[in-house]
Amino acid sequence: MSKTIELAQHLEKLHINNMYKSDFYWTWDKTDEELDAIFTVADALRDLRERNRSTRVFDSGLGISIFRDNSTRTRFSFASACNLLGLTVRDLDEKTSQIAHGETVRETANMVSFMAEVIGIRDDMYIGEGHKYQKTFMDAVKEGYRDGILEQQPTLVNLQCDVDHPTQCMADLLHVIHHFGGVEHLKGKKVAMTWAYSPSYGKPLSVPQGVIGLFTRFGMDVVLAHPEGYDVMPEVEEIARKNAEATGGSYRRAGTMAEAFQGADIVYPKSWAPFAAMEERTKLYQAGDQAGIHALEQRLLAQNALHKDWTCSEEMMKRTKDGKALYLHCLPADISGLSCPEGEVDNSVFDRYLVPLYKEASYKPYIIAAMIFMAKVKDPVAALMALDQGGKRRLF
């Protein structure tokens, strides 16, 4: 029996009917079994591809990507995921589209969706705006489908918003699951999600928020550490606390990176901007105050520089469990002595974990493909079995 068949049999036991024709906004919108389904399908698709089996469930159709912020890994992961399933990818460049001439979100949503099966949107720059844009876009798509404008209803994959980065955090967690030999081995593992110094400004909060909102669902002991003033959204912290209570894990804050790293099984040192500052930036953006945004940037760079000791050094890593905690990062990292004079992580630490980091990133295309698969395939169990048993190969 192949691994894909075993995974399909596991998928058959899960209650996942609500995933068909659904969107993926935040991980905490999904049930435990629905998250399990995404991990299961991601592993099955990877197994099929590694065995040279075709995974094309679409004969035609588009995957539309909208990146309102720069991206390398997520952009290519989305393209890879769509191609894996048989979709052609088209990136909507707002600067060269009619959006630059005042085209409305509602009109854009319908015009790009005529043959689209999935819309991937990244909008993470402004607190209160990213998720709202995704929701506005997809509401227009659904209205177009109801009105008979669109022949099919595309599904959304959140490629990062101001609140969550589900494709990244689920890829991170699938890497963790495989590293420790199964989801059953995660309970009690200590995770240090810590702020780290960066010489750049305004990194989104969605990764640390996504991590504390997801990892606490698996009985892990999650610690959030950051300098004073670098808070994340309080409502996401409340989600983390409730998750920990429900799973027998824990969620707490630490005042120093050293405290968070002490005895940790997993460390995730990552820079982000203060929540209050991001709220201020949104107001300046809405007012069109570029001078105000520049002044805020300079203030935050100076604030960051007060905390250069918040870095993942060799000495800091010695505090972790046996000095060998699994180091995670969404990439690109600010690497001290390589990409910048002082940054999030020592060059020697980063170099030692280079292969695991790249493996971590390799799960993202499969996570995205699984999100699309579960939303668009009515009978995912039968589809996986058919792909496994079919004679069509990916490469002849």
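Look a little higher up for the structure.
In this text the structure is predicted, and so the values were computed from the model without any measurement. (Residues numbered from 1 in each chain as written. Predicted model: local features only at pLDDT ≥ 70, side-chain atom pairs only at ≥ 80, totals over all residues. Heavy atoms only, no water.)

Caption draft 1: Structural view of the sheet that holds strand E8 (residues 266-269). Spatially, five strands are ordered E7-E6-E5-E8-E9 in an open sheet, and the strand pairing comes out parallel. Edge positions in the open sheet fall to strand E7 (250-254) and strand E9 (326-327), since each of these has one partner strand only. The pairing of strand E5 (residues 190-194) with strand E6 (residues 221-225) spans five bridges and is parallel. Of the residues in E6, the one forming a bridge with Ala 192 is Val 223. (Pairing = 2+ DSSP bridges. Helix = DSSP H or I, 4+ residues; strand = E, 2+ residues; numbered from the N terminus.)

Caption draft 2: A look at the pattern of salt bridges. Counting across every chain of the model gives 23 salt bridges. With a closest N to O distance of 3.3 Å, Lys 132 and Glu 129 form a salt bridge. We classify Lys 132 as partly exposed; its relative accessible area is 45%. Here Glu 314 ties to Arg 352 by a salt bridge, and the two come within 2.9 Å at their closest N and O atoms. A residue pair is termed long-range when its members are at least 10 positions apart, and Glu 314 in helix H12 (residues 314-317) and Arg 352 in helix H13 (residues 347-352) qualify at 38 residues. Under the relative-accessibility criterion, Glu 314 is labelled partly exposed at 25%. When salt bridges that share partners are traced, they join Asp 231, Glu 237, Glu 238, Arg 241 and Arg 253 into one network. (Salt bridge = Lys/Arg side-chain N within 4 Å of Asp/Glu carboxyl O. Buried < 20%, exposed > 50% of the residue type's maximum accessible area, 1.4 Å probe, protein only.)

Caption draft 3: Up close: the side chain of Ser 22. Examined against the element boundaries, Ser 22 turns out to sit in the loop between helix H1 (3-12) and helix H2 (32-50). Polar side-chain contacts of Ser 22 include one of 2.6 Å to the backbone oxygen of Met 19. Apart from the residues lying within four places of it in its own chain, the contact partners of Ser 22 are Lys 30, Thr 155 and Ala 375. (Polar contact = N/O pair within 3.5 Å; in protein donor to acceptor, adjacent residues only side chain to side chain. Contact = heavy atoms within 4.5 Å.)

Caption draft 4: Region of interest: the pairing of strand E2 (residues 88-91). The pairing of strand E1 (residues 62-67) with E2 spans four bridges and is classified as parallel. Its bridge partner lying in E2, Gly 63 is registered against Val 89. Each parallel crossover has a hand, and the one from E1 via helix H3 (residues 73-85) to E2 is right-handed. (Right-handed = clockwise from strand over helix to strand, strands pointing away.)

Caption draft 5: Broad picture of helix H16 (residues 380-389). All buried positions along H16 are accounted for by Pro 380, Val 381, Ala 383, Leu 384, Leu 387 and Asp 388. Buried residues of H16, seen end-on, are gathered within an arc of 165 degrees and therefore sit on one face of the element. Those residues of H16 that are buried lie in contact with H1, H2 and helix H15 (364-376). (Arc of directions from axis to C-beta.)

Caption draft 6: Geometry of the sheet that holds strand E4 (residues 155-161). Read from one edge of the open sheet, four strands run E2-E1-E3-E4, paired in parallel fashion. Only two strands of the sheet have a single partner each, and these edge strands are E2 and E4. Here the strands of the sheet are splayed against their neighbours by 20 degrees on average, with no regard to which way each runs. Pairing geometry for E1 and strand E3 (residues 116-123), over six bridges, is parallel. Across the sheet, Ser 65 pairs through a bridge with Gly 120, a residue of E3. (Axes fitted to C-alpha atoms, helices over the stretch in contact; angles between N-to-C directions.)

Caption draft 7: Summary view of the environment of Arg 90. Within the fold, Arg 90 resides in strand E2. Each C-alpha atom, one on Arg 90 and one on Gly 202, is 28 Å from the other, the two residues being 112 residues apart in sequence. Setting aside chain neighbours within four positions, we find Arg 90 in contact with Leu 62, Gly 63, Ile 64 and Ser 65.

Caption draft 8: Structural view of a nonpolar patch on the surface. A surface patch of nonpolar side chains, amounting to about 420 Å² of accessible area, comprises Met 111, Phe 114, Met 115 and Ile 149. Structurally, Met 111 can be placed in helix H4 (residues 105-111). Since its relative accessible area comes to 44%, Met 111 is described here as partly exposed. (Patch = residues over 30% accessible without salt bridge, like charges linked within 9 Å, V, L, I, M, F, W, Y side chains within 5 Å. Areas by Shrake-Rupley, 256 points an atom, 1.4 Å probe, with all protein chains shown as cover.)

Caption draft 9: Structural view of the packing of aromatic side chains. For the structure on display, the rule yields seven aromatic pairs. Consider the rings of Trp 26 and Trp 28, whose centres lie 5.7 Å apart with planes at 40 degrees: the pair is tilted. Residues Trp 26 and Trp 28 agree in their burial class; the two are buried. For the pair Trp 195 and Tyr 230, a centre-to-centre distance of 4.6 Å together with 50 degrees between the ring planes defines the contact as tilted. Remark: Tyr 230 occurs in the loop between E6 and helix H8 (234-247) and Trp 195 occurs in the loop between E5 and helix H7 (206-215); sequence separation between them is 35 residues. Summarising the burial analysis for this pair, Trp 195 and Tyr 230 share the class buried. Grouped by ring-pair contacts, the aromatic residues Trp 195, Tyr 230 and Trp 310 constitute a single cluster. A cation sits over an aromatic face here: Arg 281 above Tyr 126, 5.3 Å from the ring centre. (Phe/Tyr/Trp six-rings, centres within 6.5 Å; stacked < 30°, edge-to-face > 60°. Lys NZ or Arg CZ within 6 Å of the ring centre and 35° of its normal.)

Caption draft 10: Structural context of the side chain of Lys 364. Among the secondary structure elements, Lys 364 is positioned in helix H15. Although buried, Lys 364 forms no salt bridge, and the nearest oppositely charged side chain, Asp 172, lies 7.3 Å from it. Reaching out from Lys 364, the side chain makes a polar contact with the side chain of Gln 168 at a distance of 2.8 Å. Beyond its immediate chain neighbours, meaning those up to four positions away, Lys 364 contacts Arg 73, Thr 74, Ser 77, His 165, Thr 167, Gln 168 and Ala 171. (Lys, Arg positive; Asp, Glu negative; His and termini not counted.)

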